[in-house]
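What the coordinates show
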Amino acid sequence: MSSRPLHETVRSALDEYMLTLGGDDPVELYAMVMREIERPLLECAMEHCAGNQTRAAQCLGLSRGTLRKKLREHDLLMD
């Protein structure tokens with residue numbers, strides 16, 4: 001299985017998104033992209049770390065408190 005670097009996958013998705021705009025300028029693109037990628041990033045980290053928030057926070061380079069806040073924001077916090 002050949003794997004593309006993440007930045008190439010993101011670039012391809014953004015190019016496709018720009019095409020759907022039909023020449024219009026995007027609005028608040030940065031915020032939209034961050035919202036779109038944060039949830040799957042958190043889900044992936046939590047799955048990889050078998051739900052261990054301390055390990056997931058370390059993997060992500062976040063404090064455990066920040067991770068919990070972000071999990072809560074995305075309705076992913078399993079207390």
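Residues numbered from 1 in each chain as written. Predicted model: local features only at pLDDT ≥ 70, side-chain atom pairs only at ≥ 80, totals over all residues. Heavy atoms only, no water.

Attention now moves to the overall build of the protein chain. The secondary structure content of the protein chain amounts to 4 helices and 0 strands. In terms of C-alpha radius of gyration, the protein chain reaches 15 Å, well past the compact-globule figure of 12 Å for 79 residues. Projecting the C-alpha coordinates of the protein chain onto the three principal axes gives extents of approximately 45 × 35 × 20 Å. Classification of the 79 residues of the protein chain by burial places 19% in the buried group. In the structure as shown, the protein chain presents an accessible area of about 6300 Å², 55% of it carried by carbon and sulfur atoms. A gap of 10 Å separates the mean positions of the 10 positive and 13 negative side-chain charges of the protein chain. (Helix = DSSP H or I, 4+ residues; strand = E, 2+ residues; numbered from the N terminus. Rg over C-alpha atoms; globule rule 2.2 N^0.38 Å. Buried < 20%, exposed > 50% of the residue type's maximum accessible area, 1.4 Å probe, protein only. Areas by Shrake-Rupley, 256 points an atom, 1.4 Å probe, with all protein chains shown as cover. Lys, Arg positive; Asp, Glu negative; His and termini not counted. Charge placed at Lys NZ, Arg CZ, Asp CG, Glu CD.)

Bringing the pattern of salt bridges into the picture now. Applying the stated criterion across every chain, the model contains 4 salt bridges. Arg11 serves as the salt-bridge partner of Asp15, at 3.0 Å between the closest nitrogen and oxygen. Of this pair, Asp15 and Arg11 both sit in helix α1 (residues 6–20), separated by 4 residues, roughly a single helical turn. The partly exposed category is assigned to Asp15, whose relative accessible area is 35%. A residue is classified by how much of its surface remains accessible, and Arg11, at 53% relative accessible area, is exposed. (Salt bridge = Lys/Arg side-chain N within 4 Å of Asp/Glu carboxyl O.)

This paragraph deals with the side chain of Gln53. In this fold, Gln53 is placed in helix α3 (residues 53–60). Among the polar contacts made by the side chain of Gln53, one reaches the side chain of Arg68 at a distance of 3.0 Å. Beyond its immediate stretch of four places on either side in the chain, Gln53 contacts Met46, Arg64, Leu67, Arg68, Leu71 and Leu77. (Polar contact = N/O pair within 3.5 Å; in protein donor to acceptor, adjacent residues only side chain to side chain. Contact = heavy atoms within 4.5 Å.)

Now for the environment of Asp25. Note on placement: Asp25 falls in the loop between α1 and α2 (29–48). Given the relative accessible area of 68%, Asp25 is considered exposed. On a C-alpha basis, the gap between Asp25 and His74 in space is 28 Å, while along the polypeptide they are 49 residues apart.

Nothing here speaks to function; it is geometry throughout.
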